[in-house]
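# Structural features, examined
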Amino acid sequence: MEPDFPSSRTFVSSIKESCRIATVAAHIKVEDAAIRRLLESPSFQSSFHRVSGSHGLAFPLKFPSLLSELNFLSVLSLLNFASGYRVPLHEQTGRGAWDNIRAFTFSLYLSSATGQGDLLSAKGMKTMSEQQVAQHMGVTIHVERPHEKIPGLTVGELGGPIYELVKLISSTLIETGQILEASGYSDLGSFVLESLKEGAKADPSASLGIVLERLVRAIPAFRDMAVVNGKPVYCFKKALFLIHAVKIRFGSSPPFHIPSTAQAPVFTDNVLPSLLVHLGVLDLTGATSHELHDLFPGAESEDKINTLLASPPEASQAVAQDTKKTPPKDGPVLTTEQAYLLRAAAVHACERIVQYARGDGQLSKEQTWLKNITLPELDIWLWAVAKDRPDYRKLERFVLRGTVFF
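This report concerns the structure included in the present document. Every value quoted in this text rests on a predicted model; they were computed, and no experiment measured them.

The rules we used
- Residues numbered from 1 in each chain as written.
- Predicted model: local features only at pLDDT ≥ 70, side-chain atom pairs only at ≥ 80, totals over all residues.
- Heavy atoms only, no water.
- Helix = DSSP H or I, 4+ residues; strand = E, 2+ residues; numbered from the N terminus.
- Rg over C-alpha atoms; globule rule 2.2 N^0.38 Å.
- Buried < 20%, exposed > 50% of the residue type's maximum accessible area, 1.4 Å probe, protein only.
- Contact = heavy atoms within 4.5 Å.
- Areas by Shrake-Rupley, 256 points an atom, 1.4 Å probe, with all protein chains shown as cover.
- Phe/Tyr/Trp six-rings, centres within 6.5 Å; stacked < 30°, edge-to-face > 60°.
- Lys NZ or Arg CZ within 6 Å of the ring centre and 35° of its normal.
- Core = buried A, V, L, I, M, F, W, Y, C linked by side-chain atoms within 4.5 Å.
- Arc of directions from axis to C-beta.
- Axes fitted to C-alpha atoms, helices over the stretch in contact; angles between N-to-C directions.
- Parallel < 35°, antiparallel > 145°, perpendicular 65-115°, else oblique.
- Nonpolar A, V, L, I, M, F, W, Y, C, P; charged D, E, K, R; others polar.
- 1 Å grid on protein atoms, 1.4 Å probe; cavity = no way out; pocket = protein on both sides within 12 Å on 5 of 7 lines; lining within 4 Å.
- Points joined across faces, edges and corners; volume = space filled by probe spheres on them.
- Salt bridge = Lys/Arg side-chain N within 4 Å of Asp/Glu carboxyl O.

## Concerning the overall build of the protein
Helix and strand counts for the protein stand at 18 helices and four strands. Here the C-alpha radius of gyration of the protein, 21 Å, is about what a compact globule of 406 residues would show, namely 22 Å. In terms of principal-axis extent, the alpha carbons of the protein reach across some 65 × 60 × 45 Å. Taken across its 406 residues, the protein has 53% of its residues classed as buried. For the protein, the proportion of contacts with a sequence separation of at least 24, taken over those separated by at least 6, is 76%. Put simply, the protein shows about 17,700 Å² of open surface, and 51% of that area lies on carbon and sulfur atoms.

## Observations regarding the packing of aromatic side chains
One pass over the structure, following the stated rule, counts 18 aromatic pairs. Residues Phe-11 and Phe-236 carry aromatic rings whose centres are separated by 5.6 Å and whose planes lie at 15 degrees to one another, so their mutual orientation is stacked. Within this pair, whereas Phe-11 is found in helix α1 (residues 11–25), its partner Phe-236 is found in the loop between β4 (231–234) and α12 (237–250), the two being separated by 225 residues in sequence. Here Phe-11 and Phe-236 have matching classes, each one buried. A ring pair is formed by Tyr-185 and Phe-191, whose centres lie 5.3 Å apart and whose planes are at 75 degrees; its orientation type is edge-to-face. Taking relative accessible area as the criterion, Tyr-185 reaches 17% and is therefore assigned buried. Among the aromatic residues, ring-to-ring pairing joins Phe-59, Phe-63, Phe-72, Phe-106 and Tyr-109 into one connected group. Sitting above the plane of the Tyr-340 ring, Arg-343 keeps its charged end 5.3 Å from the centroid.

## A word on the nonpolar core
Counting 136 residues, the largest nonpolar core has Ile-169, Leu-212 and Trp-381 as the members making the most contacts within it. Sequence-distant contacts of Trp-381, that is, excluding residues within four places in its chain, are made with Leu-38, Phe-44, Ser-47, Phe-48, Val-51, Ser-52 and Leu-279.

## What about helix α14 (residues 302–309)?
Within α14, the full set of buried residues consists of Ile-305, Leu-308 and Leu-309. What you see down the axis of α14 is that its buried residues fit within an arc of 95 degrees, all on one side. Turned more than 90 degrees off the buried face of α14, the exposed positions are Asp-303 and Thr-307.

## Comments concerning the packing of α1 against helix α11 (residues 204–218)
Helix-helix packing is characterised by the crossing angle of the two axes and by the distance between the axes. Contact geometry for α1 and α11: axes closest at 7 Å, N-to-C directions at 80 degrees. As the angle between them shows, α1 and α11 are arranged roughly perpendicular. Where α1 abuts α11, its residues Phe-11, Val-12 and Ile-15 lie against Leu-208, Gly-209, Leu-212, Glu-213 and Val-216. Of the residues contributing to the contact of α1 with α11, the split by class is six nonpolar, one polar and one charged.

## Re the layout of surface pockets
Empty space among the atoms becomes visible once a probe the size of a water molecule is rolled across them. Put simply, the largest pocket is a space of about 830 Å³. Lining the largest pocket are 39 residues, and of these Arg-86, Gly-96, Trp-383, Lys-387 and Arg-397 lie nearest its centre. When contributions to the lining of the largest pocket are tallied by element, the ones reaching two or more residues are α5 (86–93), α6 (97–113), α12, α13 (271–278), α15 (317–325) and α17 (375–388). A per-class count over the lining of the largest pocket returns 16 nonpolar, ten polar and 13 charged.

## Comments concerning empty space enclosed by the protein
Across all of its chains, the model carries two cavities of 30 Å³ or more by this definition. The calculated volume of the largest cavity comes to roughly 50 Å³. Around the largest cavity, the lining residues are Ser-83, Arg-86, Val-87, Asn-270, Lys-329, Asp-330, Gly-331, Arg-397, Phe-398 and Val-399. Taken together, the residues that form the lining of the largest cavity break down as three nonpolar, three polar and four charged. Considered as a void within the structure, the second largest cavity measures approximately 40 Å³ in volume. Lining the second largest cavity are Val-271, Ser-274, Leu-275, His-278, Ala-386, Tyr-392, Leu-395, Glu-396 and Arg-397. Broken down by element, the lining of the second largest cavity gets its largest block of residues, four residues, from α13. Split into classes, the residues belonging to the lining of the second largest cavity amount to five nonpolar, two polar and two charged.

## Describing the pattern of salt bridges
As enumerated under the stated definition, the model contains 14 salt bridges in all. Here Glu-40 and Arg-36 are joined by a salt bridge, their closest N and O atoms 2.7 Å apart. Placement of both Glu-40 and Arg-36 in helix α2 (residues 32–40) is noted, with a separation of four residues, approximately one turn of the helix. Across the pair Asp-330 and Arg-401 runs a salt bridge, and its minimum N-O distance is 3.5 Å. Of this pair, Asp-330 sits in the loop between α15 and α16 (336–360) while Arg-401 sits in the segment after α18 (390–393), and the two are 71 residues apart along the sequence. Look at Arg-401 and you get partly exposed, because its relative accessible area is 34%.

## Focus on the environment of Leu-120
Along the polypeptide, Leu-120 turns up in the loop between α6 and α7 (122–125). C-alpha separation for the pair Leu-120 and Asp-391, spaced 271 residues apart in sequence, amounts to 38 Å. Sequence-distant contacts of Leu-120, defined by excluding residues within four places in its chain, comprise Asn-71, Phe-72, Val-75, Thr-105, Leu-108, Tyr-109, Ser-112, Met-125 and Asp-187.

## Details of unusual backbone geometry
The phi dihedral of His-27 falls on the positive side, at around 60 degrees, and the residue is not glycine. Relative to the helices and strands, His-27 is located in the loop between α1 and α2. Look at Ala-82: it is not a glycine, yet its phi comes out positive at around 90 degrees. Its place among the elements puts Ala-82 in the loop between α4 (66–78) and α5.

Shown next, in the form of structure tokens:
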């Protein structure tokens, strides 16, 4: 069931408030003591400045125009999902979800640049077959099974988790391309540019919400929202990510208006809530109504949390590289409702962390720099540090398949 859209004036605040309500109702705790422990930890203090700029948005591509780059960034953001297929993707390609989606979008762009048709245009998107997606991803979408009548013979057929992902990517591109073409837009970047111009007409405090609303109302793959326990939960992860990605790429000397994203909610996926559980910020021990308390056994252990918050263990470069090569293991498989509750809790927890850092908490003189941290910086730190330390890379992340939202 999909909830109604928030009112036009409250698109951003509705995300934060709906996530707060969902977190409290699910009895997920976010305590000041846990926030302070994180902010004062050697892990946070030693890595925040180093990894919070690791946004993954530097591209080795030469774009012919500003609109071409904006369109590339827009399609990349549209396809920024597949987290539930991290393990099978690693097994086939040796890369995780984000790196595979980025490589896939690179391939579409490079094929278009060599005269094979503009696959990133609305026309190209609406004809994107499953076979094309698999080819550009470099993945196999067949699984083998024993022949029904001939012993020892196997036959290949379409199926498996990667085929499921390929179908999601194909359907997302086709649907979005059809909508864009029917609305008179040659590509997604043109629609995003018009949305940014609409935001420029508003008061700066309302600009982000206006751009966000246009994206979410127009494109179904951006409608990241659900009803849980009779209440709406709004996340809009990919649309928020897109706006912030535009800020990162063009914000230093913006060629068009870009709304401020300093107060934007975090781009909640499966990494942020899972890591916040492991680092002791999200306490699930009382969240029994949706059986959230059983999802990460042992995560509440003080010894385990303190070890993770300590300075990273000394490890040779060879050990670190070996850890990166080791395929990850799937974490708990969640229902849609469970996933929305944990993602909502991550949004709320990050709000609380920034509020604490900016004045609600008592910080030492050495930590006054924390008063300037923004929600997107905290988001990127959580996402990047999860890959940065070998022991963090081994931490389980929850899994939800069949979604195009994260």
